[in-house]
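Remarks on the overall topology
Read off the chains here:
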Amino acid sequence: MTQAIHPLLLCGGSGTRLWPLSRKSYPKQFATLTGEESLFQASARRLSGAGFAAPMVITGSDFRFIVLEQLAAVEIAPAATLIEPEGRNTAPAILAAALVLEAQSPGALMLVAPSDHVIPDAARFRAAVQAAAPVAEAGQLVTFGIRPDRAETGYGWLAMSQKPEADFAPVPQPLKGFVEKPDLAKAEALLAGGEHLWNAGIFLFRSDAMIAAFETYAPDMLADVRRAVTEAEKDLGFTRLDPEAWGDLDDISIDYAVMEKADNLSVVPYGGAWSDLGGWDAVWRESGPDADGVVTNGPATSIDCSDTLLRAETDSQQLVGIGLKDVIAVAMSDAVLVAHKDRAQDVKKAVAVLKAKGAAQAETLPRDYRPWGWYESLVVGSRFQVKRIHVHPGAALSLQSHHHRSEHWIVVEGTAKVTVDDTVKLVTENQSVYIPLGAIHRMENPGKVPMVLIEVQTGSYLGEDDIIRYEDVYARGQGAKG
């Protein structure tokens, strides 16, 4: 019987091509783009159940509590959550997870999967993984190739040794090689030939086989990553990889580091639907356009439009398109994107321009997620700011003070337990409390329903880094997020 498969969910991308919905502060894998769950939740659920062990996740520090919250919502507990000090692409991330897994379960099967892909037929995908397991157990590094349905220039391709079976059964075969992202003419030839698949960046292998590949083809990286794992620190339920060792690593993909050099490669064809949602054109395609090719989400209305995506993210707005063709329009409370569908891949250029201009919208959403809940700015002035703060049941903000601002809190839903210096009291709906400049304070939600309050800040500086933490149940340290 095949041993249990240990999934690794890669969860560190920023998804700039799906701006303004996906931003550095809350990238696309955590957003609900199709269906009722986030892409990350759907990925975790797809790789769970019979034959699968609890997943391992590797992500950035800012997302660690989002990961736990979203997994808890789908009743999945991670086996481990590794924290990257900074993004270094897929090679170091996969190797770190392989080292951790090998130490716990020598020779274990590890399935690497990005957490932002859409694979509607989960059962078919799991069957492909199970079909690949015996080959991986025998020491092969297995990659999964997607049946192409168009001459796609945005993906790398995989060269098979022979054409897949007519029904695209997941039968492993030796991988002939990798093809870099092609131009259109070459992509059309690859599609017509029938012996090439899209490279999905999904892999299955024994942990010791992957470590051996790095020992052969990237020994310097192996030494640095091993040091980052050995000197990692435990932080609540997380494992923080050593930042000094991690900082010495090259930014390189697993393909370039080892896969394109290895001689023990196999490929399993996957014939089901798949998308990496690499742009708004992909979201339009995966959302099931109507007979006119129109997709609407949220309070959006289409009048005489065709082949168009209209997406509104705020209930208080109405997005209306009239006579549009091949257009993408995405409206949020603080930013609006309007683009020709053929220019969907250029959205990342807009993010770069906004970042260069110093626009906050380039990287941050109006809603900022924290381990205790979230807040959003409603009004910002030169010396004041109004926020809505949502605190989960049983959650608590840090015990803190500010150098530059005072605050008024008005509870509008639920009950808050409020600490101001030596005074602790309950504040219920329609009641308020004043937090003087410099006072040591904290708010908690002692109830079983969410607590919502309106915060009015006044002062000379209102930045999130004006926080001195004295106690914090989430061990965030100092700084805006810790």
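Since the structure is predicted, the reported quantities are computational estimates derived from the model, not experimental observations.

According to the domain assignment, the protein consists of domain 1 (6-270), domain 2 (289-357) and domain 3 (367-471). Measuring from the centre of the C-alpha atoms in domain 2 to the corresponding centre in domain 3 gives 35 Å.

The next thing to look at is the UniProt feature "domain: MannoseP isomerase/GMP-like beta-helix" (unreviewed entry) in the protein. Per the UniProt record, "domain: MannoseP isomerase/GMP-like beta-helix" (unreviewed entry) is annotated on residues 302-352. Helix makes up 12% of residues 302-352 and strand 41%, whereas the separation of the span's terminal C-alpha atoms amounts to 30 Å.

Leu33, Leu111, Phe144, Leu204 and Trp280 are the most contacted members of the largest nonpolar core, which totals 67 residues. Summarising the domain contributions, this core has at least three residues from each of domain 1 (6-270) and domain 2 (289-357). If we skip the residues at most four places from it in the chain, Leu33 touches Leu18, Leu21, Lys28, Leu39, Leu277, Trp280, Val283 and Arg311.

The subject of this paragraph is a nonpolar patch on the surface. Residues Ile303, Val320 and Ile322 make up a contiguous nonpolar surface patch of roughly 270 Å² in combined accessible area. Topologically, Ile303 is positioned in strand E13 (residues 300-303). Since its relative accessible area comes to 36%, Ile303 is described here as partly exposed.

Okay, helix H11 (residues 347-356) next. Turning to H11, its buried residues number three or more, namely Val347, Val351 and Leu354. Looking straight down H11, one finds that the buried residues subtend no more than 65 degrees of arc, so they occupy a single side. Turned more than 90 degrees from where H11 packs its buried face, Lys349 and Ala356 sit exposed. On its buried side, H11 packs onto helix H10 (280-286) and strand E17 (336-340). Positive phi appears at Gly358, one or two residues downstream of H11, with a value of about 80 degrees.

Under the counting rule described, the total for this entry stands at twelve aromatic pairs. Measuring from centroid to centroid gives 5.6 Å for Phe30 and Phe63, while their planes differ by 55 degrees, and the two rings are tilted. Placement of Phe30 in the loop between strand E1 (5-11) and helix H1 (39-46) and of Phe63 in the loop between strand E2 (56-60) and helix H2 (64-73) is noted, with a sequence separation of 33 residues between them. Judged by centre distance (5.4 Å) and plane angle (90 degrees), the rings of Phe65 and Phe238 are edge-to-face. One end of the pair, Phe65, is in helix H2; the other, Phe238, is in strand E10 (residues 238-240), with 173 residues separating them in the sequence. Taken individually, Phe65 and Phe238 each receive the classification buried, so the pair is uniform in this respect. Among the aromatic residues, those joined into a ring-pair cluster are Tyr26, Phe30, Phe40, Phe63 and Tyr369. Sitting over the ring of Phe168, Arg147 keeps its end group 4.5 Å from the ring centre.

Strand pairs in the sheet, formed through backbone hydrogen bonds, run parallel or antiparallel to each other. One open sheet holds the four strands; their spatial order is E12-E14-E16-E17, and the pairing between them is mixed. At either end of the open sheet lies a strand with only one pairing partner, and these are strand E12 (294-297) and E17. Within this sheet the neighbouring strands show an average axis-to-axis angle of 5 degrees, counted without direction. Inspection of the sheet shows strand E14 (residues 308-312) paired to strand E16 (residues 327-331) by four bridges, in the parallel sense. Bridging from a neighbouring strand, Arg311 pairs with Val330 of E16.

Mapped onto the secondary structure, Leu21 falls in the loop between E1 and H1. Residues Leu21 and Ala93, 72 residues apart in the sequence, show an inter-C-alpha distance of 26 Å. Filtering out sequence-adjacent residues up to four positions away, Leu21 remains in contact with Tyr26, Ala31, Leu33, Trp280, Arg311, Glu313, Met332 and Leu365.

Attention now moves to the side chain of Ser275. Assignment of secondary structure puts Ser275 in the loop between strand E11 (265-270) and H10. A distance of 3.0 Å separates the side chain of Ser275 from the backbone nitrogen of Leu277, its partner in a polar contact. Look past the residues within four positions of Ser275 in its chain and what remains in contact with it is His117, Val118, Ala282 and Glu286.

A word on the pairing of strand E8 (residues 196-206). Buried residues dominate E8, accounting for ten of its eleven residues. Examined bridge by bridge, strand E4 (residues 109-114) and E8 share four bridges and lie antiparallel to one another. Paired with Leu109 across the strands is Arg206, a residue of E8. Where strand E6 (residues 157-160) lies against E8, three bridges are found, and the strand directions are antiparallel. What sits directly across from Ala159, in E8, is His196.

Structurally, the position occupied by Thr81 is in strand E3 (residues 80-84). The residues touching Thr81, leaving out its near neighbours within four places in the chain, are Val57, Thr59, Leu68, Phe238 and Thr239.

Following the UniProt record, the feature "domain: Nucleotidyl transferase" (unreviewed entry) maps to residues 7-287 here. In this annotation, residues 7-287 is assigned 36% helix and 22% strand; the end-to-end C-alpha distance for the span is 27 Å.

Our focus in this paragraph is the sheet that holds strand E27 (residues 451-459). Reading across from one edge, E18-E19-E20-E27-E22-E25 is the order of the six strands in this open sheet, with antiparallel pairing throughout. Sheet topology places strand E18 (367-370) and strand E25 (432-435) at the edges, where each strand pairs with a single neighbour. Ignoring strand direction, the axes of neighbouring strands in this sheet form an average angle of 20 degrees. Summarising the sheet, strand E22 (residues 405-413) and E25 pair through four bridges and their orientation is antiparallel. Residue pairing across strands places Ile410 opposite Ser432, the latter belonging to E25.

As a further point, take the pattern of salt bridges. Per the stated rule, a full pass over the model turns up 25 salt bridges. The shortest N-O distance in the salt bridge between Arg227 and Asp224 comes to 3.8 Å. Of this pair, Arg227 and Asp224 both sit in helix H7 (residues 219-230), separated by three residues, roughly a single helical turn. Across the pair Asp326 and Lys341 runs a salt bridge whose closest N-O atoms are separated by 3.7 Å. Highlighted residues: Asp326 in the loop between strand E15 (319-322) and E16 and Lys341 in the loop between E17 and H11, separated in sequence by 15 residues. In this pair, the class of Asp326 matches that of Lys341, namely buried.

Definitions and limits used
Residues numbered from 1 in each chain as written. Predicted model: local features only at pLDDT ≥ 70, side-chain atom pairs only at ≥ 80, totals over all residues. Heavy atoms only, no water. Domains from an automatic or database assignment. UniProt positions renumbered as here; feature names shortened; annotations may be inferred. Helix = DSSP H or I, 4+ residues; strand = E, 2+ residues; numbered from the N terminus. Core = buried A, V, L, I, M, F, W, Y, C linked by side-chain atoms within 4.5 Å. Buried < 20%, exposed > 50% of the residue type's maximum accessible area, 1.4 Å probe, protein only. Contact = heavy atoms within 4.5 Å. Patch = residues over 30% accessible without salt bridge, like charges linked within 9 Å, V, L, I, M, F, W, Y side chains within 5 Å. Areas by Shrake-Rupley, 256 points an atom, 1.4 Å probe, with all protein chains shown as cover. Salt bridge = Lys/Arg side-chain N within 4 Å of Asp/Glu carboxyl O. Arc of directions from axis to C-beta. Phe/Tyr/Trp six-rings, centres within 6.5 Å; stacked < 30°, edge-to-face > 60°. Lys NZ or Arg CZ within 6 Å of the ring centre and 35° of its normal. Pairing = 2+ DSSP bridges. Axes fitted to C-alpha atoms, helices over the stretch in contact; angles between N-to-C directions. Polar contact = N/O pair within 3.5 Å; in protein donor to acceptor, adjacent residues only side chain to side chain.

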